[in-house]
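# Close look at the chain arrangement
The residues making up each chain are set out below.
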Amino acid sequence: MVNRAFPDRWVRFHSLPESKRYPDHEAEYDVVLHRHNSILDELFHGQDIQIITTHWSDDPEPQAMPPRRTRQLPGAHYWRSLLDDEDDADPCYAHLYVDRTVWQPGLLDDLLRDVADEVVADVMITNLSVDRIHAPYDGGADVLLSTTTERDTMKRRHIDWLSAHPRGY
């Protein structure tokens with residue numbers, strides 16, 4: 001977990017007021033997308049980015065990406081597979097696909113809606129040096145910045161999007 005490995009550079013932003021997890025109507029989807037796009041634009045404005053998505057399977061061979069994901073990320077290609085737990089009697093593989101493009105607001109709205117609805121999970125958006133990461137989940141995003149100062153500045157700019165939990169969850 002990023003928050004444990006890099007606590008001095010990690011911050012979590014919630015995608016809805018009062019840490020509400022799932023949007024119920026279009027106005028709430030607008031808030032979710034606004035918050036994600038705002039953070040993503042601060043992180044990656046005008047830069048090349050990588051979008052990494054995961055397809056889970058009990059098969060060690062990667063599968064073709066689902067058609068919806070192929071439409072959302074037409075440039076995505078298979079990158080690598082990871083075994084989740086070697087000691088598990090029922091192995092599970094994470095097949096990673098990566099797409100590279102130039103960031104622009106709204107680019108990932110369909111994908112971010114799917115994440116908000118828990119249709120897809122385990123997505124990461126990174127710059128090419130992978131020192132800035134945006135990992136959306138149903139309920140918000142974990143963000144890893146290059147420095148503690150950058151993290152603190154971003155937290156101050158979006159203080160109303162932070163968790164009330166003392167550890168920031």
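Quick look at the structure, then.

Definitions and cut-offs
- Sequence order as written defines residue numbering, which begins from 1 separately in each chain.
- Note on the predicted model: pLDDT of at least 70 is required for a residue's local features to be given, and 80 or more for side-chain atom pairs to be given and counted; whole-chain, interface and lining totals, by contrast, use all residues.
- Computation of side-chain values: all heavy atoms of the structure, hydrogens and water removed.
- For every residue, the accessible area obtained with a 1.4 Å probe (protein chains only) is divided by the maximum for its type, and the residue is called buried under 20%, exposed over 50%, and partly exposed between those limits.
- We count a stretch as a helix when DSSP gives it H or I for four or more residues in a row; a strand needs E for two or more, and each element gets its number in order from the N terminus.
- At least two DSSP bridges between two strands are needed for those strands to be called paired.
- Here a residue-residue contact requires only that any non-hydrogen atoms of the pair lie within 4.5 Å.

Okay, the pairing of strand β2 (residues 48–57) next. Most of β2 sits out of view: 7 of its 10 residues are buried. Examined bridge by bridge, β2 and strand β4 (residues 93–102) share 10 bridges and lie antiparallel to one another. Counterpart to His-55 in the pairing with β4 is His-95. In this sheet, strand β5 (residues 124–127) lies alongside β2 in antiparallel orientation, the contact comprising 4 bridges.

Not every positive phi belongs to a glycine, and Glu-118 is a case in point at roughly 60°. Not every positive phi belongs to a glycine, and Asp-122 is a case in point at roughly 60°. Along the chain, the position of Asp-122 falls in the loop between α4 (109–116) and β5. Using a relative accessible area of 40% as the deciding quantity, one classes Asp-122 as partly exposed.

A word on α4. Three or more residues of α4 are buried, namely Leu-111, Leu-112, Asp-114, Val-115 and Ala-116. Contacts made by the buried residues of α4 are with α2 (26–44), β2, α3 (67–72) and β6 (133–137). After α4 finishes, the residue Glu-118 shows a positive phi value of roughly 60°.

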